[in-house]
Amino acid sequence: MISNKIAALLNEQINKELFSAYLYWDMSHYFETRGLDGFAQWYMVQAEEEYDHAQRIYRYLVDNDICVTLTAIETPSRKYECVMDVLQSAYEHEEYITESIHNLYCAAHQEKDLRTMEFLNWFINEQAEEETHARSMIDKMKLFGNDGKGLYQLNREFGKRNSE
Ligand code: OFO
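A brief structural summary. (Residues numbered from 1 in each chain as written. Predicted model: local features only at pLDDT ≥ 70, side-chain atom pairs only at ≥ 80, totals over all residues. Heavy atoms only, no water.)

## Regarding the packing of aromatic side chains
Tallying each qualifying case throughout the model produces 10 aromatic pairs. Arranged with centres 4.0 Å apart and planes meeting at 10°, the rings of Y60 and F119 form a pair that is stacked. Remark: F119 occurs in helix α4 (residues 114–144) and Y60 occurs in helix α2 (residues 37–63); sequence separation between them is 59 residues. Assessed through its relative accessible area of 9%, Y60 is described here as buried. Of the aromatic side chains, those joined through ring pairs into one cluster are Y24, Y30, F31, F39, W42, Y43, Y80 and F158. Over the aromatic face of W122 sits the side chain of R56, whose NZ or CZ is 3.6 Å from the ring centroid. (Phe/Tyr/Trp six-rings, centres within 6.5 Å; stacked < 30°, edge-to-face > 60°. Helix = DSSP H or I, 4+ residues; strand = E, 2+ residues; numbered from the N terminus. Buried < 20%, exposed > 50% of the residue type's maximum accessible area, 1.4 Å probe, protein only. Lys NZ or Arg CZ within 6 Å of the ring centre and 35° of its normal.)

Here's what the structure looks like:
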């Protein structure tokens with residue numbers, strides 16, 4: 001049995017995942033308008049993944065006969081000064097989402113909601129992967145992004161990411 005408290009937190013998490021999609025779509029646009037089509041591709045695929053995360057939670061709630069409430073999605077801030085700034089913001093955002101998922105897991109644990117804990121395991125692993133990817137992009141940018149050729153190569157590499 002999923003409590004009202006857990007249902008509300010899962011509903012909130014749908015909004016956070018949709019915001020993530022919105023944020024990465026906006027980051028993709030940042031790169032699209034600066035000639036970095038590979039970075040743009042990477043973030044657009046990421047936006048699609050975030051939409052998938054929202055849908056997973058939606059499906060879980062519906063399958064458990066819980067009403068889903070879709071709420072307004074916040075506008076991304078768009079205050080990026082450079083490429084590194086975007087990468088850093090993406091990483092910080094993933095840390096924020098990880099904390100949110102962990103809090104949800106702890107709440108489910110308190111309520112002895114084993115089903116939701118099991119459901120959230122996928123998200124816990126996914127967050128670890130997403131933080132690793134975001135950190136790796138920052139590391140590569142630090143190493144190679146400061147000259148034109150390096151940035152060109154990174155753009156090519158990131159552009160190879162396809163929808164799964
Ligand atoms: Fe970026 O993993 Fe969902 O939000």
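## Some points on empty space enclosed by the protein
A complete count under the given rule lists 2 cavities of 30 Å³ or more for this structure. Roughly 90 Å³ of volume is contained in the largest cavity. If you go around the largest cavity, the residues you meet are Y24, W42, Y43, Q46, L87, A90, E94, E130, H133, A134, M137 and I138. Elements with a minimum of two residues in the lining of the largest cavity: α2, α3 (83–110) and α4. Counting residues per element, the lining of the largest cavity draws most heavily on α4, at 5 residues. When the residues that make up the lining of the largest cavity are grouped by side-chain class, the tally is 8 nonpolar, 2 polar and 2 charged. Volume-wise, the second largest cavity comes out at about 40 Å³. Split into classes, the residues belonging to the lining of the second largest cavity amount to 3 nonpolar, 4 polar and no charged. (1 Å grid on protein atoms, 1.4 Å probe; cavity = no way out; pocket = protein on both sides within 12 Å on 5 of 7 lines; lining within 4 Å. Points joined across faces, edges and corners; volume = space filled by probe spheres on them. Nonpolar A, V, L, I, M, F, W, Y, C, P; charged D, E, K, R; others polar.)

## Observations regarding the side chain of N15
Summarising the element assignment, N15 is placed in helix α1 (residues 4–32). Not counting residues up to four positions away in its chain, the partners in contact with N15 are T71, A72 and I73. (Contact = heavy atoms within 4.5 Å.)

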